[in-house]
Amino acid sequence: MYKGAMLTITCLVLCTGLVFGQEDTQEMESQGNGIIVVSYFKCDYSKLQDAIKLANEVNAPILNRFVDEGKLINWGILSHLWGDEWNLITYYSAENLSSFEKAFDAMFAEIMETNPDYMNTWSGMCSEHKDNIYSVVNAYSGGGNE
């Protein structure tokens, strides 16, 4: 089931130009503020900490390296404190859709090469997911107190 979900993510990312249209995609990328890709997961509450541990052990070193190399701006994992059934969220910030696509494809290829059972393990913990891609229209990181 999760293999199909990952195929959906990949198709979503790769086909963004078809979904939004070439002009819309170019407009989103030309805004210059970047994009944020958010993946929401419904994980079995009794396995939530295992899912977080797997992501921290397998995904985090790859994604940290991508941030250090400038392939991503940042990334993170959010866990559920209070709210609905979408109890685990992963987000990625990138300069544009193209850079995200390259980073995501490289991450996924590296994960599958080194951990061929990753998808089966993940799908045993998290049964559903959905994705959103946001264009950043305004952001502020602060200048510090001087």
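Keep in mind that what you see is a predicted model, and the values were worked out from it rather than measured. Within each chain, residues carry numbers counting from 1 in the order of the written sequence. Per-residue local features are limited, in this predicted model, to residues with pLDDT of at least 70; the limit for side-chain atom pairs, both in listing and counting, is 80 or more; totals at the level of whole chains, interfaces and linings are taken over all residues. In computing side-chain values, all of the structure's heavy atoms are included and hydrogens and water are not.

### Thoughts on helix α5 (residues 97–114)
Point 1. If you check α5, its first and last C-alpha atoms are 26 Å apart, about what 18 residues at 1.5 Å a residue would give, namely 26 Å.
Point 2. Listed in full, the buried residues belonging to α5 are L97, F100, E101, A103, F104, M107 and I111. Helical segments are the DSSP runs of H or I of at least four residues, strand segments are the runs of E of at least two, and each set is numbered from the N terminus. Here the expected length of a helix is defined as 1.5 Å per residue gap, with one fewer gap than residues. In this scheme, a residue with accessible area under 20% of its type's maximum is buried, one over 50% is exposed, and one in between is partly exposed, where area comes from a 1.4 Å probe on protein chains only.

### Remarks on the packing of helix α4 (residues 48–68) against α5
Point 1. Closest axis-to-axis distance for the α4/α5 pair is 10 Å, and the angle between their directions is 140°. Like other packed secondary-structure pairs, α4 and α5 cross with a definite hand, here right-handed. On α5, the residues that touch V58, N59, I62, L63, R65 and F66 of α4 are A103, A106, M107, E110 and I111. Here an angle of 0 to 180 degrees is reported between the N-to-C directions of two axes, which are lines fitted to C-alpha atoms, with helices fitted over the stretch in contact. Note on convention: near helix rotated counterclockwise from far helix by under a right angle means a left-handed crossing. Clockwise means right-handed. In this analysis, two residues are considered to be in contact whenever any of their non-hydrogen atoms come within 4.5 Å of each other.

### Comments concerning the environment of H129
Point 1. With respect to the secondary-structure elements, H129 resides in strand β4 (residues 126–135).
Point 2. Accessibility expressed as a relative area gives 15% for H129, which makes it buried.

### Quick word on the packing of aromatic side chains
Point 1. For Phe, Tyr and Trp, rings pair up if their centres lie within 6.5 Å, where Trp contributes its six-membered ring, and each pair is then called stacked (planes under 30 degrees apart), edge-to-face (over 60) or tilted (otherwise). Counting across every chain of the model gives five aromatic pairs.
Point 2. Summarising the aromatic geometry, the rings of F104 and F108 are spaced 6.3 Å apart at their centres and angled 5° between planes, so their arrangement reads as stacked. Pair noted here: F104 and F108 are both in helix α5, with a separation of four residues, about one helical turn.
Point 3. A residue is classified by how much of its surface remains accessible, and F104, at 5% relative accessible area, is buried.
Point 4. Members of the aromatic cluster, joined through ring pairs, are Y92, F100, F104 and F108.

### Considerations on the nonpolar core
Point 1. Ranked by size, the top nonpolar core spans 31 residues in total, and within it L72, L88, Y92, F100, M107, W122 and C126 carry the most contacts.
Point 2. At the level of secondary structure, the elements contributing two or more residues to this core comprise β1 (35–43), α4, β3 (88–94), α5, α6 (118–123) and β4.
Point 3. The biggest single contributor to this core is α4, with 10 residues. Note on terminology: a nonpolar core comprises buried Ala, Val, Leu, Ile, Met, Phe, Trp, Tyr and Cys residues joined through side-chain atoms within 4.5 Å.

### Looking at the state of the cysteines
Point 1. Cysteine sulfur pairs qualify as disulfides if the two atoms are within 2.5 Å. Counting across every chain of the model gives one disulfide.
Point 2. Between the sulfur atoms of C43 and its disulfide partner C126 the distance amounts to 2.0 Å. Here the disulfide of C43 and C126 is right-handed, its torsion about the S-S bond being about 90°. Of this pair, C43 sits in strand β1 while C126 sits in strand β4, and the two are 83 residues apart along the sequence.
Point 3. The class for C126 is buried, based on a relative accessible area of 1%.

### Overview of α4
Point 1. Counted at 1.5 Å a residue, the expected span for α4 with its 21 residues is 30 Å, and the 28 Å between its end C-alpha atoms agrees.
Point 2. A residue's bend is given by the angle between axes fitted to the 7 residues ending at it and the 7 residues starting at it. For α4, the principal kink sits at N59 and spans about 50°; a proline, P61, occurs within the next four residues.
Point 3. Turning to α4, its buried residues are L48, A51, I52, L54, A55, V58, N59, A60, I62, L63 and F66.
Point 4. Buried residues in α4 make contact with β1, β2 (74–79), β3, α5, α6 and β4.

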